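# Summary of structural features
The lines below spell out each chain.
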Amino acid sequence: MRPVFDPESLPVLSVDSQRPPLGEPRLQPDFIRHRFRSPPAWAPELTDESKLYDRSMALRDAAVLIPLVEREDGLTVLLTQRNANLTAHAGQISFPGGRWEETDANRVETALRETEEEVGLHRSFIEVLGALPDYITGTGFHVSPVVALVRDGFVLRPDVREVADVFEVPLAFLMDPSRHERRLFRWIDGERLFYAMPFPREDGGHRFIWGATAGMLRNLYHLLAA
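Residues numbered from 1 in each chain as written. Predicted model: local features only at pLDDT ≥ 70, side-chain atom pairs only at ≥ 80, totals over all residues. Heavy atoms only, no water.

You'll find the protein chain entered in an unreviewed UniProt entry as Nudix hydrolase NudL, with Cupriavidus respiraculi given as the organism.

## Comments concerning the overall build of the protein chain
When helices and strands are tallied, the protein chain shows four helices and 13 strands. Across the 226 residues that make up the protein chain, the buried fraction comes to 49%. Put simply, of all contacts in the protein chain between residues at least 6 apart along the chain, 69% involve residues at least 24 apart. (Helix = DSSP H or I, 4+ residues; strand = E, 2+ residues; numbered from the N terminus. Buried < 20%, exposed > 50% of the residue type's maximum accessible area, 1.4 Å probe, protein only. Contact = heavy atoms within 4.5 Å.)

## Some points on helix H1 (residues 29-37)
Those residues of H1 lying buried are Pro29, Phe31, Ile32, Arg33, Arg35 and Phe36. Elements that come into contact with the buried residues of H1 comprise strand E2 (60-71), strand E3 (74-82), strand E6 (126-131), strand E8 (141-150), helix H3 (171-174) and helix H4 (211-225).

## Describing the pattern of salt bridges
Per the counting criterion, the structure on display carries 18 salt bridges. The partner of Asp16 in a salt bridge is Arg19, with the nearest N and O atoms 2.7 Å apart. Through salt bridges that share partners, Glu101, Asp104, Arg113, Glu114 and Glu117 make up one connected network. (Salt bridge = Lys/Arg side-chain N within 4 Å of Asp/Glu carboxyl O.)

## Points about helix H2 (residues 107-119)
For H2, built from 13 residues, the straight-helix expectation of 18 Å at 1.5 Å per residue is met to within 8% by its first-to-last C-alpha distance of 18 Å. Residues of H2 that are buried: Thr110, Ala111, Leu112, Arg113, Glu114, Thr115, Glu118 and Val119. On the buried face of H2, the contacting elements are E2, E3, strand E5 (97-99), E6, E8 and strand E9 (163-170). N-cap assignment for H2: the residue whose side-chain oxygen lies 3.2 Å from the backbone N of Val108 is Asn106. (Expected span 1.5 Å × (residues − 1). Polar contact = N/O pair within 3.5 Å; in protein donor to acceptor, adjacent residues only side chain to side chain.)

## Some points on the packing of aromatic side chains
Scanning the model with the defined rule gives three aromatic pairs in all. Ring plane angle 75° and centroid distance 6.3 Å describe the contact between Phe125 and Phe154, whose orientation is recorded as edge-to-face. Residue Phe125 is located in the loop between H2 and E6, and its partner Phe154 is located in the loop between E8 and E9; the two are separated by 29 residues in the primary sequence. With relative accessibility at 19%, the residue Phe125 sits in the buried group. By relative accessible area, Phe154 is classed as buried at 13%. Look at Phe173 and Phe199: their rings are 5.0 Å apart centre to centre, the planes differ by 80°, and that puts the pair in the edge-to-face class. Of this pair, Phe173 sits in helix H3 while Phe199 is found in strand E12 (residues 199-200), placing the two residues 26 residues apart along the sequence. Residue classification places Phe173 among the buried residues on the basis of a relative accessible area of 11%. (Phe/Tyr/Trp six-rings, centres within 6.5 Å; stacked < 30°, edge-to-face > 60°.)

## Points about the side chain of His222
Inspection of the secondary structure puts His222 in helix H4. On the basis of relative accessible area, His222 is assigned to the buried category, the value being 14%. Of note is the side chain of His222, whose polar atom sits 2.7 Å from the side chain of Glu45. Those residues in contact with His222 that sit more than four places away from it in its chain are Arg19, Trp42, Ala43 and Glu45.

Structure below.
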């Protein structure tokens, strides 16, 4: 059984100081649109944490939206902090999204529906660009990460049963590999190496972005940097 652990308490093994941060031209909506329409050859770094989950259980299909919000000062990434009383991923920072349902025509529909249900972001503000490679989480979810631009002017209505907070992080911060920390957790039956991208809060402390969420952002960096 995979033990519960506190990822923030683990030491930082390294940060990626070898790769450059994305330059301003690659952080623009038009560049990102074109990159998804005509992607170059590239390879995702992280897509499978399956060794961490109970393989006697079937994977659960899901989709998340990676919302790139068009603000005057540049693109931001909209993220949620899940309520601490949830049974799955309690208290963690994640993208809006959830399980695929049989009424969903495809994974894009799952991401759009779940985003509206979780945070109240209406699909009329959303321009879907494409998807990153699917990601299998250590908790047994087969996730399709759908990337989209979000037009300014929306009003959020978070579902308080699921979402403790909604916030935005500049895309430039997340696309700077020097912010990508590698941390390692070992236990008697194995180990888990994961990325973390702590984002400073204005009131002190930080938002601890880690695990699958950080892994998907890392893959977005690789696509945009290719």
